[in-house]
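A look at the structure
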Amino acid sequence: VQLQASGGGLVQAGGSLRLSCVASGRTLSGYGIGWFRHTPGKEREFVAAIRWTGGATAFADSLKGRFTISRDITKTTVYLQMNSLKPEDTAVYYCAAAPRVILSMLRVLSSYADWGQGTLVTVSS
């Protein structure tokens, strides 16, 4: 699966951004698409994920309520809507595809086989 992430940028604290991840290359049936984020000096962190079939979702506990994830089947695109952004949300955000894993495993980095190039989100205070 090829993944193209976009939508990052500079936003003030309290603002919103929507990231997009366009998938191509094969059918996504049975796949999960996740978002992770990375800041220098830290491990890549799970943000949210969605199962392509059925649309079940999972979120990092610390982000639940501010971030939502959705998919557009016709556009093979997954969206990450980020609201009430905080400076600590500043990171490079990556989308990734995980084949044939259960929802709980979509929280695990090693479940993912294909990664997009990342998009930078900067939240100013």
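This text gives an overview of the structure that appears in the document. Since we're looking at a predicted model, the values are computed, not measured.

Here the focus is the pairing of strand β3 (residues 17-24). For a regular strand, side chains alternate in direction, first toward one face of the sheet and then toward the other. Relative to β3, strand β1 (residues 2-6) runs antiparallel, the two sharing 5 bridges. By the bridge assignment, S6 is partnered in β3 with S20. In this sheet, strand β8 (residues 77-82) lies alongside β3 in antiparallel orientation, the contact comprising 6 bridges. Note that in β8 the partner of L17 across the bridge is M82.

Along the chain, the position of D89 falls in the loop between β8 and β9 (91-99). Taking relative accessible area as the criterion, D89 reaches 0% and is therefore assigned buried.

Burial along strand β11 (residues 119-124) is one-sided: T119, V121 and V123 are buried, and none of L120, T122 and S124, which face the opposite way, are. In the sheet, strand β2 (residues 9-12) pairs with β11 via 4 bridges, with the strands oriented parallel. In the strand pairing of β11, V11 is matched with V123. The pairing of β9 with β11 spans 3 bridges and is antiparallel. Across the sheet, residue Y93 finds its bridge partner in β11, namely T119.

So, about the sheet that holds β8. What the 4 strands build is an open sheet, ordered β1-β3-β8-β7; its pairing is antiparallel. Two strands close off the open sheet at either side, each with one partner strand: β1 and β7 (67-72). Each neighbouring strand pair of the sheet contributes to a mean axis angle of 15°, computed without reference to strand direction. With 6 bridges joining them, β7 and β8 adopt antiparallel strand pairing.

Here the focus is the environment of D72. Looking at the secondary structure, you find D72 in strand β7. It is 9.4 Å that separates the C-alpha atoms of D72 and W52, two residues lying 20 residues apart in sequence. Apart from residues lying up to four places away in sequence, D72 is in contact with W52, T77 and Y79.

Parameters and conventions
- Residues numbered from 1 in each chain as written.
- Predicted model: local features only at pLDDT ≥ 70, side-chain atom pairs only at ≥ 80, totals over all residues.
- Heavy atoms only, no water.
- Pairing = 2+ DSSP bridges.
- Helix = DSSP H or I, 4+ residues; strand = E, 2+ residues; numbered from the N terminus.
- Buried < 20%, exposed > 50% of the residue type's maximum accessible area, 1.4 Å probe, protein only.
- Axes fitted to C-alpha atoms, helices over the stretch in contact; angles between N-to-C directions.
- Contact = heavy atoms within 4.5 Å.

Any link to function would need more than the numbers given here.
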